[in-house]
Amino acid sequence: MPVVVVESPAKAKTINKYLGDDYTVLASFGHVRDLPPKDGSVDTDDDFAMKWEVAADSKKHVKAIKDALASDPNLILATDPDREGEAISWHLREALASSLKKGAQVSRVTFNAITKSAVTEAMANPREIDQPLVDAYLARRALDYLVGFNLSPVLWRKLPGAKSAGRVQSVALRIIVDREMEIEAFRAREYWSVHATLATPKGDQYRATLVTYAGKKLERYDLANEEAAKLAVKAVESRDLTVTSIMSKPASRNPWPPFMTSTLQQEASRKLGLGARACMSAAQRLYEAGHITYMRTDGIDMAPEAIMAARDAIKARFGDAYVPQSPRIYKNKAKNAQEAHECIRPTDMMLSPDRLNVELEQRKLYDLIWKRTLASQMEAARMERTTVEIGSADGQVGLRATGQVMLFDGFLKVYDQGTDDDEGEDSARLPQIAQGEPAAKRGVVPEQHFTQPPPRYTEATLVKRMEELGIGRPSTYASIVTTIQDREYVRKDKNRLIPEDKGRLVTAFLTRYFPRYVSYDFTADLEGELDDISSGEREYREVLRRFWRDFTAALEGTSELRITEVLEAIDEALAPHLYPARADGGDPRECPLCGKGRLNLKTARSGGAFIGCNNYPECRYTRPISGAEGEAVGDTVLGLDPEGIEISLKNGRFGPYVQRGEATAEQPKPPRASIPKGWDAGSMDLEKALMLLDLPREIGPHPEDGVTIEAGIGRYGPYVKHGPRYANLPEVDEVFTIGMNRAVEVLASKPQRGRAAPAAPLAELGEHPEGGAVQVLNGRFGPYVKWGKVNATLPRDMAPESVTMEQALELIAAKASKGGRKPAPKKAAKEPAKAARKPAAKKPAASKTAKPAAKATARKTAKADAASKAAET
């Protein structure tokens with residue numbers, strides 16, 4: 001039987017159902033090879049030769065495919081229909097080359113939807129691996145590796161506390177930082193408008209806005225303050241008004257095109273509150289189940305048979321009036337749609353969301369895709385827009401009322417992208433109004449407005465902006481947005497992306513010393529060159545050579561940089577953010593504590609940055625980068641402890657703390673205690689400081705074993721401790737008041753590790769293909785699937801009782817790949833009794849001395865691993 005290889009077990013199961021017993025369908029579980037996380041994996045001295053290795057967790061999957069090829073040498077590579085899918089097929093062919101028999105046939109098939117007809121047609125039309133598409137992948141992978149592996153170490157050395165940089169994610173970070181700087185530089189401008197409630201002779205009311213004042217057209221800022229607005233109100237109130245003209249125009253709205261990756265992520269964020277990663281995860285499951293077409297695409301065209309199916313579905317559901325005379329054809333606007341096989345659409349237009357048996361999040365996303373697809377082939381909405389002009393006889397004041405009447409809803413019956421937006425007065429319904437009739441005033445009011453700063457980006461609007469700039473591609477959007485959050489360069493607050501201080505520092509550093517490589521135009525042009533490689537118009541090594549020549553020159557330009565120079569440059573670049581203007585007009589850099597020194601950017605030995613006074617050590621004022629301006633917390637002496645030692649309140653880069661004594665040669669690190677969250681540093685006194693410095697506090701011996709119970713505040717908050725066992729307390733204040741009975745109760749309520757009876761599984765899913773039971777259990781962090789030593793947490797939207805074996809295998813594989821963990825090995829069969837009595841061989845003495853070397857190797861591996869992660873897009 002020919003061996004068909006796809007990426008995931010879920011996809012394999014669906015395709016196996018269509019192909020039947022004539023084929024062996026196996027999963028590769030994604031990429032099987034990658035560049036080793038060490039220097040030299042891309043050899044720039046050997047024309048960018050790449051050294052690939054099969055990942056540890058992929059070896060078993062490769063072996064399973066090799067075993068299957070032993071009985072039938074024909075290999076069919078059916079991975080996803082995009083650049084990544086083509087790369088996986090290429091990697092599989094290379095990894096399996098030694099196992100392929102002479103004359104074995106290796107073919108590539110692609111299908112945009114996992115349906116029986118699409119799969120059958122693809123199997124009947126195999127092709128060769130698309131080498132230009134593979135070359136484009138190789139170029140991207142090499143570029144991302146070279147940038148991450150060479151630029152990240154420069155960051156680590158020159159900017160303490162920085163994590164890493166990437167070819168595209170650094171540009172995405174810059175977009176967010178630039179927007180934040182626009183917001184901070186924005187100065188709101190006041191303006192006013194005047195609105196009148198008017199009535200027809202029949203008493204029907206409508207709302208109009210002042211558009212002409214003192215005989216002139218009113219511009220936005222003409223009414224600059226309340227006084228001017230009140231004068232305008234009086235001008236309207238003092239005059240009789242008449243309807244001078246009524247103009248009605250027919251208008252129409254055409255539907256939006258069907259979804260591609262970026263627009264799906266934007267709408268899923270706005271309408272469903274899904275982030276880019278969650279959106280693509282739900283779409284992936286819908287695709288693998290055969291419900292939608294491939295979800296990583298920048299195309300908006302639709303297959304002719306799909307268009308006809310959509311028109312049939314519209315006719316059946318809504319009638320002939322909603323079907324346009326000719327099909328709607330959409331042209332792709334993307335600069336290079338090499339990944340665009342088709343738009344994202346349902347595979348069965350007649351399958352409505354209410355009939356879909358999937359999880360809630362997937363059903364909601366399918367509902368969005370289904371409605372948008374049908375709407376894209378429906379008739380336009382028709383309406384009548386009416387504009388009513390009202391004025392005074394002397395022409396000094398004029399008002400305007402607008403509204404519209406829906407004549408035919410068309411595609412809006414199914415889908416409206418703009419429902420989240422306020423359409424203003426244009427959407428209002430107007431009563432019947434006749435030209436020349438009086439407009440009676442029922443009230444004239446002024447309204448105050450302020451110009452608004454540009455909004456912060458959401459994940460959706462960031463993707464849209466990147467798409468506009470030509471940065472990134474459908475397969476990378478979700479990972480880029482996730483990466484900058486995982487590295488703590490950006491945080492998400494109420495769905496808005498806000499740059500953290502370390503993100504600002506990294507962007508300032510890269511903009512100052514590597515401006516070309518965080519330039520929007522350069523990154524977009526490079527994306528264009530990579531697209532040219534995929535279409536066969538460029539040779540990928542030539543692109544790499546040109547990039548590397550200029551990039552190494554930029555790297556060499558930073559070799560002699562000192563950290564102090566870097567800090568001075570960043571301090572100057574971020575000055576508006578670090579030292580905002582003071583309300584009293586004083587110098588923002590003047591130290592608020594001593595009044596003599598100047599504030600500047602400093603770094604700590606442990607990494608990170610903070611603002612400090614240059615009059616150190618005479619003045620010890622410090623504050624975090626985002627600390628309140630003018631917050632004068634330095635060496636504030638609170639008093640003396642019983643031994644006569646000074647207790648002082650200080651402010652460090654991690655916030656305020658109390659300290660006993662000062663640093664000396666004998667005691668370089670005097671006792672300190674951070675001010676707990678919820679405590680006001682301004683109200684700190686000697687009594688509270690001593691309470692903090694005396695922690696942990698002894699409560700007494702445990703009534704069962706006599707071991708002392710303590711209470712304290714740790715990195716995870718307030719706690720009680722009994723021997724090696726900890727239990728959290730709900731409130732900080734309880735640390736100082738908790739008694740023995742309460743402490744024993746809190747400790748007893750905390751389950752003991754290793755002693756409590758194992759909880760019964762929520763579900764037994766069966767035997768893993770490699771042996772061992774797969775179970776669904778409930779843990780302290782929620783439900784999870786377990787196989788051997790691999791524990792994989794269930795996504796929030798996945799109910800424990802609905803988990804299938806296929807889903808569990810995917811979660812286990814992903815967890816094992818991420819953590820490098822393997823299942824517990826099966827117990828070997830017992831050896832004969834004679835062998836058991838045989839004395840154990842002595843370990844060689846050299847094993848003791850090998851430990852330091854092993855640790856050093858581990859450290860090197862960890863460092864290389866970090867650099868490898870930095871090389872990701």
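Residues numbered from 1 in each chain as written. Predicted model: local features only at pLDDT ≥ 70, side-chain atom pairs only at ≥ 80, totals over all residues. Heavy atoms only, no water.

K.L.:
How should I be thinking about the overall build of the chain in this particular structure?
P.N.:
Scanning the chain from N- to C-terminus turns up 23 helices and 32 strands. Counting all 873 residues of the chain, 47% fall into the buried class. Across the chain, the fraction of contacts at a sequence separation of at least 24, relative to all contacts at a separation of at least 6, is 65%. When the accessible surface of the chain is summed, it comes to about 45000 Å², and 50% of that surface belongs to carbon and sulfur atoms. (Helix = DSSP H or I, 4+ residues; strand = E, 2+ residues; numbered from the N terminus. Buried < 20%, exposed > 50% of the residue type's maximum accessible area, 1.4 Å probe, protein only. Contact = heavy atoms within 4.5 Å. Areas by Shrake-Rupley, 256 points an atom, 1.4 Å probe, with all protein chains shown as cover.)

K.L.:
Help me understand helix α15 (residues 520–534) in this model?
P.N.:
Think of an α-helix as turning once every 3.6 residues; residues three or four places apart then point the same way. Counted at 1.5 Å a residue, the expected span for α15 with its 15 residues is 21 Å, and the 21 Å between its end C-alpha atoms agrees. For α15, the tally of buried residues reaches 13 of 15 residues, placing the bulk of the element in the interior. Where α15 starts, the residue carrying a side-chain oxygen 3.4 Å from the main-chain nitrogen of Asp 521 turns out to be Ser 519. Of the residues one or two after α15, Gly 536 is the one with positive phi, at around 80°. (Expected span 1.5 Å × (residues − 1). Polar contact = N/O pair within 3.5 Å; in protein donor to acceptor, adjacent residues only side chain to side chain.)

K.L.:
Teacher, can you tell me more about the sheet that holds strand β20 (residues 622–623) here?
P.N.:
Two orientations exist for strands paired in a sheet by backbone hydrogen bonds: parallel and antiparallel. The strand order β18-β19-β20 describes an open sheet built from 3 strands, whose pairing is antiparallel. Two strands lie at the open edges of the sheet, namely β18 (599–603) and β20, each paired on one side alone. One ladder, built from 2 bridges, connects strand β19 (residues 609–613) with β20; its direction is antiparallel. In the strand pairing of β20, Ile 611 is matched with Arg 623. (Pairing = 2+ DSSP bridges.)

K.L.:
Even after reading the chapter, I still don't get the packing of helix α14 (residues 501–513) against helix α17 (residues 563–573), so can you show me in this structure?
P.N.:
The angle between the axes and the distance between the axes are what describe a pair of packed helices. Where α14 contacts α17, the two axes come as close as 10 Å, and the packing angle between them is 100°. In this view, α14 runs roughly perpendicular relative to α17, as classed from their interaxial angle. Taken together, the residues of α17 that come into contact with α14 (itself represented by Leu 505, Ala 508, Phe 509, Arg 512 and Tyr 513) are Glu 565, Val 566, Ala 569 and Ile 570. Within the contact of α14 with α17, the residues separate by chemical class into 7 nonpolar, no polar and 2 charged. (Axes fitted to C-alpha atoms, helices over the stretch in contact; angles between N-to-C directions. Parallel < 35°, antiparallel > 145°, perpendicular 65-115°, else oblique. Nonpolar A, V, L, I, M, F, W, Y, C, P; charged D, E, K, R; others polar.)

K.L.:
Could you clarify how one ought to interpret the pattern of salt bridges in this entry?
P.N.:
When the charged atoms of two side chains with opposite charge come close together, those side chains can pair. Tallied over the full model, the rule gives 47 salt bridges. For Asp 34, the salt bridge goes to Arg 141, with nearest N and O atoms at 3.2 Å. Taken together, the residues Asp 34 in strand β3 (residues 33–34) and Arg 141 in helix α5 (residues 131–158) connect sequence positions 107 residues apart. Between Arg 660 and Asp 694 there is a salt bridge, with its nearest N and O atoms 3.5 Å apart. With a gap of 34 residues between them, Arg 660 in strand β23 (residues 655–660) and Asp 694 in the loop between α19 (686–693) and β25 (697–701) connect regions that are remote in the sequence. Relative accessible area serves as the criterion here: at 18%, Arg 660 is assigned to the buried category. Taken together, the salt bridges that share partners define one network made up of Asp 47, Glu 529, Arg 541, Glu 542, Arg 545 and Arg 546. (Salt bridge = Lys/Arg side-chain N within 4 Å of Asp/Glu carboxyl O.)

K.L.:
How should I be thinking about unusual backbone geometry in this particular structure?
P.N.:
In most cases, non-glycine residues show a negative phi, while peptide bonds are predominantly trans. With an omega of 0°, the peptide bond running from Leu 695 to Pro 696 counts as cis. Here Pro 696 shows up in the loop between α19 and β25.

K.L.:
I'm lost on the side chain of Glu 267 in this one. Help?
P.N.:
Residue placement: Glu 267 occurs in helix α8 (residues 261–272). Judged by its relative accessible area of 4%, Glu 267 falls in the buried class. Those residues in contact with Glu 267 that sit more than four places away from it in its chain are Phe 259, Leu 272, Leu 368, Arg 372, Tyr 415 and Gln 417.

K.L.:
How should I be thinking about the packing of aromatic side chains in this particular structure?
P.N.:
Each aromatic ring pair is specified by the distance between its two centres and by the angle formed by the two planes. Under the definition given, this model contains 19 aromatic pairs. Between Phe 547 and Phe 551, the aromatic rings sit 5.3 Å apart at their centres with planes inclined by 25°, giving stacked as the arrangement. A residue pair is termed a helical-turn pair when its members lie 3 or 4 positions apart in one helix, as Phe 547 and Phe 551 do in helix α16 (residues 540–556) at 4 residues. Taken as a pair, Phe 547 and Phe 551 share a single burial class, namely buried. Taken together, the ring pairs connect Tyr 517, Phe 522, Phe 547, Trp 548 and Phe 551 into an aromatic cluster. The ring of Trp 90 has Arg 33 lying over it, and the distance from NZ or CZ to the ring centre is 5.4 Å. Over the ring of Tyr 520 we find Arg 174, and its NZ or CZ is 4.9 Å from the ring centre. (Phe/Tyr/Trp six-rings, centres within 6.5 Å; stacked < 30°, edge-to-face > 60°. Lys NZ or Arg CZ within 6 Å of the ring centre and 35° of its normal.)

K.L.:
How should the side chain of Ser 269 be read in this particular structure?
P.N.:
Along the chain, Ser 269 falls in helix α8. Those residues in contact with Ser 269 that sit more than four places away from it in its chain are Leu 274, Ala 460 and Asn 495.

K.L.:
Which parts of the structure should I look at to understand the pairing of strand β29 (residues 763–767)?
P.N.:
One face of the sheet, then the other: side chains in a regular strand alternate in exactly this way. Summarising the sheet, β29 and strand β30 (residues 773–779) pair through 4 bridges and their orientation is antiparallel. For Glu 764, the partnering residue across the bridge sits in β30 and is Gln 775.

K.L.:
When you look at the pairing of strand β28 (residues 725–728) in this model, what are you seeing that I'm missing?
P.N.:
The two faces of β28 differ: Arg 725 and Ala 727 on one face are buried, but Tyr 726 and Asn 728 on the other face are not. Counting the residues that bridge the hairpin from strand β27 (residues 717–722) to β28 gives 2 residues, and of these Gly 723 lies at a positive phi of roughly 65°.

K.L.:
Just to check I follow, could you spell out the environment of Lys 441 for this structure?
P.N.:
You can see Lys 441 is positioned in strand β15 (residues 440–450). We classify Lys 441 as partly exposed; its relative accessible area is 27%. Sequence separation between Lys 441 and Val 236 is 205 residues; the distance between their C-alpha atoms is 9.0 Å.

K.L.:
Is there a simple way to explain the confidence of the model for the chain in this structure?
P.N.:
Low pLDDT means the predicted coordinates in that region are not meant to be read closely. Per-residue pLDDT for the chain has a mean of 85; in total, 88% of the residues score no lower than 70. Predicted confidence is poor over residues 820–873, with pLDDT under 50, and the contacts of this stretch with residues over four places away or in other chains come to 44 contacts. (pLDDT = per-residue confidence, 0-100.)

K.L.:
Whenever I open this one, the nonpolar core confuses me. Can you help?
P.N.:
A general trend in soluble globular proteins is that nonpolar side chains are found buried together. Counting 98 residues, the largest nonpolar core has Leu 159, Leu 462, Met 466, Phe 509, Phe 514, Ile 570 and Leu 601 as the members making the most contacts within it. In terms of residues, this core owes the most to one element, α5, which gives 14 residues. Every residue in contact with Phe 514, bar those within four places of it in the chain, is listed here: Leu 151, Val 154, Phe 509, Ala 554, Leu 555 and Thr 558. Core analysis: the second largest hydrophobic core is formed by 60 residues, Phe 259, Cys 343, Val 358 and Leu 365 among them. (Core = buried A, V, L, I, M, F, W, Y, C linked by side-chain atoms within 4.5 Å.)

K.L.:
Can you walk me through the packing of helix α9 (residues 276–288) against helix α11 (residues 360–376) in this structure?
P.N.:
With their axes 9 Å apart at the nearest point, α9 and α11 run at an angle of 85° to one another. By the criterion of interaxial angle, the relationship of α9 to α11 is roughly perpendicular. Only Glu 361, Gln 362, Leu 365 and Tyr 366 of α11 make contact with α9, whose side of the interface consists of Ala 278, Cys 279, Ala 282, Ala 283, Arg 285 and Leu 286. Among the residues making up the contact of α9 with α11, the classes are represented as 7 nonpolar, 1 polar and 2 charged.

K.L.:
When you look at the state of the cysteines in this model, what are you seeing that I'm missing?
P.N.:
By definition, a disulfide links the sulfur atoms of two cysteines through a covalent bond. Per the counting criterion, the structure on display carries 0 disulfides. Cys 591 supplies the cysteine sulfur nearest to Cys 613, a cysteine that is in no disulfide, at a spacing of 3.8 Å. (Disulfide = S-S within 2.5 Å.)

K.L.:
Any chance you could explain helix α2 (residues 59–69) here in plain terms?
P.N.:
Along α2, the residues that are buried comprise His 61, Val 62, Ile 65, Ala 68 and Leu 69. The buried side chains of α2 occupy one side of the element, clustering within an arc of 120° when seen end-on. Opposite its buried face, α2 presents the exposed residues Lys 59 and Lys 63, each directed more than 90 degrees away. In this structure, the buried residues of α2 make contact with β1 (3–6), β2 (24–27), β6 (53–54), β7 (75–77) and α3 (83–95). (Arc of directions from axis to C-beta.)

K.L.:
Where do I start with the sheet that holds β2 in this structure?
P.N.:
Strand order in the open sheet formed by 4 strands is β2-β1-β7-β8, and the pairing between neighbours is parallel. With partners counted over all chains shown, the strands left at the sheet margins are β2 and β8 (106–108), one partner each. Neighbour-to-neighbour, the strand axes of this sheet turn through a mean angle of 25°, independent of strand direction. As paired strands, β1 and β7 are joined by 3 bridges and run parallel to one another.

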